[in-house]
Amino acid sequence: MQIIDKSEIAPNVYACKVRAEAIAKKVQPGQFIMVIPDQYSERTPITVADWNTSEGTITFIFLDIGSSTNRLAELKPGEEIFSLTGPLGNSFDIKKYGSVGLVGGCYGIGGIYPAARALREKGNRVVCYSEARSKFLLYWNKKLEEVSDEVRYATADGSLGFKGHAYDLLETDLKSGVKYDLVITVGCTFLMYRISKVTEPYQMKTIVSMNPIMIDGTGMCGACRVEVDGATRFACVDGPHFDGHQMNWDLVLARRKAYLDEEIVSGERHDYGKS
Amino acid sequence: MKKSFPGKDTIMAKVSPTKTPMREQPPQERVRNYDEVPLGYSPQEAIFEAERCLMCKNPRCIEGCPVEIDIPGFIQFITEEKFRDGVRRLKEKNILPAICGRVCPQEEQCEQKCILGVKNEPVAIGRLERFLADWEAGQGEPELPPKPKPTGKKIVIVGAGPAGITAAADLVRLGHKVDMFEALHEPGGVLVYGIPEFRLPKAIVFREINYLKKLGVKLYTDHVIGQIRSIDELLDEYDAVFLGTGAGLPWFLNVPGENLNGIYSANEYLTRANLMKAYLFPKYKTPIVKGKYVATVGGGNVAMDCARTALRLGAEKSIIIYRRSRDEMPARDEEIHHAEEEGVIFKLLSNPAAFHGGNNSWVKEVECVSMKLGEPDDSGRRRPVPIPDANFRMPIDVAVIAIGNSPNPLIPSTTPDIETGRWGNIVTNLETGKTSKPGVFAGGDVATGAATVILAMGAGKIAARGIHEYVMSKK
Ligand SMILES: Cc1cc2nc3c(=O)[nH]c(=O)nc-3n(C[C@H](O)[C@H](O)[C@H](O)COP(=O)(O)OP(=O)(O)OC[C@H]3O[C@@H](n4cnc5c(N)ncnc54)[C@H](O)[C@@H]3O)c2cc1C
Ligand code: SF4
């Protein structure tokens, strides 16, 4: 797959556009692809953030956090990605709910973008929450505003919008009487966990987009198993979207740590510090 | 030479009662590398072994082979040193002889039926098959069959495992245009992501895939059918579809603690090690946890492969936990034997009841129930029953669950009008490979549940015949 365009849209956050006609024709909001930058790299699952069917391209956002994403960050427009497979996983259930809150952090800001676009086209009122440590780490603000009724920003240092985390902002909103018929959140595990905890007392249906370790992404390895409502499910084929209130979060947080010390370290460098 | 059958006794007097041994890497050495363990026959050894064949008039071995190779026929060519003719004879029925010679459970198939085996060891049919295939590989480019007349029909194969490869080869040789879609970035199915390098070198699989491409099959990797294209969309473009998508969905034990860190499915463990080459970490970037004490649960080939991989990754102790006794183990004899030689510890008549973790969510111990054998079950094997109050614990830091797989639900779930059975397997007609959906055929593990390479190939052959009849009778 050929890289058409690649840019660093925020420090250490890259948007990469590749030619992939067949995927562009099929992909739905919330689906992901499996990328192997070069023959030595890992299979890396990445959410599809945007696509253009007539152009035959898809765009995905990634953080340069491990040796394989590092390699991906090094590739230049015109170069080929060794392997790119998709679309994978299920899409969000796009229909008319009424009012939908979408919460994105890190790569998830790109992750909620196509969902916002599609949900708004279905006639929903769409409010996006976009968060980062600081204003300069946010990206796609304008794009997101174009497809939402409102975008609410949360920055840890208060440089744009609410000072604090997206889950704090959402909690404040809910306390003041804001109601959503559905909440969707995409981003780091900790963000999705906290959002689920915020909406739980309101019994507000919350969909989380899990990003566990995966090898094949087609249901073969079981590395991505999560426990939902007491049952083991595979995020790659049964998900990646699950009910955040039924998720066994302790297990998710523990499994996530298995290999990704490196990722967590670099994740902490850029965002959403653990409160 | 030995065309007629000159009376069994005279021959029996001459032939060696045992198979000509095959040279192997010594156990102490091989557990430190990933190279193939058995080294193969020299031409002299092959001829010597081939001479043991009685050239029966009614060869029973052929009945034992799921693809009905003319076994005495190719063996005869070996005795005459006509290796090229031998290869041709083999390939009439089996396009993957280098693979089958290495991984077929011969002791339950061809060699089980061999008359010599009644009193002595049977002819080493698998080893001879491997010899011819390897000999051909050493001769440079393989011979291509004459180009068939094009039929104008287009067929699509989903899944590039043994079933798909065989169906593709047969169909392209009948003059059809054949396209093949594979979900992973490499073709080969279990042959590349599952069976380890030390048992089946990947270069052999890629050689066979190349042969398939030379026959004219177009291969597209990174294509997950059901997602990128539905079966109905394929039917719009092709005259028939063959599904050879295998049994890829791993089973777990469903015991407490199974989702702790350090517990893998066999598929994950082997895929990390083989397909992603974690054994060459850090050159290849996929990590694998190199446990000190690794427990593998199960008694099949998959379990042996995991336990032997663990040793090569540096485990101090590699333990197989199996709930029946050694006799009931479904693995090939040779694999059990190799595992024992390499120092794998067998904890038989034991079954995990729980995994216990340390404070950091990593597995620390496995708790097992001791079992005894009771009455035979449906499979004819004696059913293991737990002995009360006989639980014991073993310290481990990695566990691999190798108790089987069921077919991946992706295609059935995106193709509601295809009939599936109890295990999510796709239901097929055994004589034609037809599924309940017109124009769609299936075979291999996706239809039978996890089985063997040669059975998958046999199913691929049957379906190829079924597809040929179907497309040629279609206007
Ligand atoms: C570790 C291990 C060791 C084994 N050892 C032996 C042995 O010694 N001897 C023996 O005879 N058998 C052995 N087996 C069993 C044997 O490998 C299988 O029975 C055989 O490979 C089945 O072949 P298949 O073509 O049906 O499926 P597979 O080999 O599983 O191939 C299926 C292919 O389809 C692809 N696929 C799946 N879904 C899709 C989709 N939606 N779209 C596109 N492609 C898709 C998969 O990626 C895969 O490449 C072993 C199995 C394992 C796992
Ligand atoms: S293909 Fe398998 S069963 Fe058939 S002759 Fe060869 S080793 Fe025996």
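Residues numbered from 1 in each chain as written. Chains lettered and ligands numbered in written order. Predicted model: local features only at pLDDT ≥ 70, side-chain atom pairs only at ≥ 80, totals over all residues. Heavy atoms only, no water.

Novice: How should the overall build of chain A be read in this particular structure?
Specialist: Secondary structure assignment for chain A yields nine helices and 15 strands. Taking 275 residues into account, the globule formula puts the C-alpha radius of gyration at 19 Å, and chain A, at 17 Å, falls close to it. Projected onto its principal axes, the C-alpha positions of chain A cover 50 × 40 × 35 Å. Within chain A, buried positions represent 61% of all 275 residues. Counted over contacts in chain A with a minimum sequence separation of 6, partners at least 24 positions apart contribute 65%. For chain A, the accessible area works out to roughly 10400 Å², and carbon and sulfur atoms hold 46% of it. (Helix = DSSP H or I, 4+ residues; strand = E, 2+ residues; numbered from the N terminus. Rg over C-alpha atoms; globule rule 2.2 N^0.38 Å. Buried < 20%, exposed > 50% of the residue type's maximum accessible area, 1.4 Å probe, protein only. Contact = heavy atoms within 4.5 Å. Areas by Shrake-Rupley, 256 points an atom, 1.4 Å probe, with all protein chains shown as cover.)

Novice: Explain the pattern of salt bridges to me, please; I cannot follow it from the model alone.
Specialist: Enumeration according to the criterion identifies 52 salt bridges over all chains in this entry. Here B:Glu233 makes a salt bridge to A:Lys26, at a shortest N to O gap of 2.7 Å. Taken as a pair, B:Glu233 in helix 13 (residues 231–237) and A:Lys26 in helix 1 (residues 21–26) lie in two separate chains rather than in one. Between A:Arg117 and A:Asp50 there is a salt bridge; the shortest N-O distance is 2.9 Å. Pair noted here: A:Arg117 is in helix 3 (residues 108–121) and A:Asp50 is in strand 4 (residues 44–52), with a separation of 67 residues, a long-range link. A relative accessible area of 10% means that A:Asp50 is categorised as buried. Where salt bridges share partners, they join B:Glu24, B:Arg30, B:Arg199, B:Asp305, B:Arg308, B:Arg312, B:Arg332, B:Glu335, B:Glu341 and B:Glu342 into one cluster. (Salt bridge = Lys/Arg side-chain N within 4 Å of Asp/Glu carboxyl O.)

Novice: Is there a simple way to explain the site of ligand 2 in this structure?
Specialist: Close to ligand 2 lie 13 residues, the nearest being B:Cys65, B:Cys104, B:Gln109, B:Cys110 and B:Glu129. Of the residues that constitute the shell around ligand 2, the class distribution is nine nonpolar, three polar and one charged. (Near = heavy atom within 4 Å. Nonpolar A, V, L, I, M, F, W, Y, C, P; charged D, E, K, R; others polar.)

Novice: Please explain the interface of chain B and chain A as it appears in this structure.
Specialist: Buried accessible area, meaning the area lost when the parts come together, often serves as the stated size of an interface. On the side of chain A, 38 residues touch chain B, which itself brings 38 residues to the contact. Summed over both sides, the interface between chain B and chain A buries roughly 3200 Å², with carbon and sulfur atoms accounting for 57% of that surface. Across the contact surface, chain B and chain A share one salt bridge. Summed over the shared surface of chain B and chain A, the number is 14 residue pairs in polar contact (both at pLDDT 80 or more). For the side of chain B that touches chain A, the elements supplying multiple residues, two or more each, are strand 7 (249–250), strand 8 (263–265) and helix 14 (266–273) of chain B. Sorting elements by how many residues they give to the side of chain B that touches chain A places helix 14 of chain B first, with four residues. (Buried area = accessible area lost by both parts, 1.4 Å probe. Polar contact = N/O pair within 3.5 Å; in protein donor to acceptor, adjacent residues only side chain to side chain.)

Novice: Before we go on, may I ask you to explain the side chain of A:Thr47 in this structure?
Specialist: On the secondary structure map, A:Thr47 appears in strand 4. The buried category is assigned to A:Thr47, whose relative accessible area is 16%.

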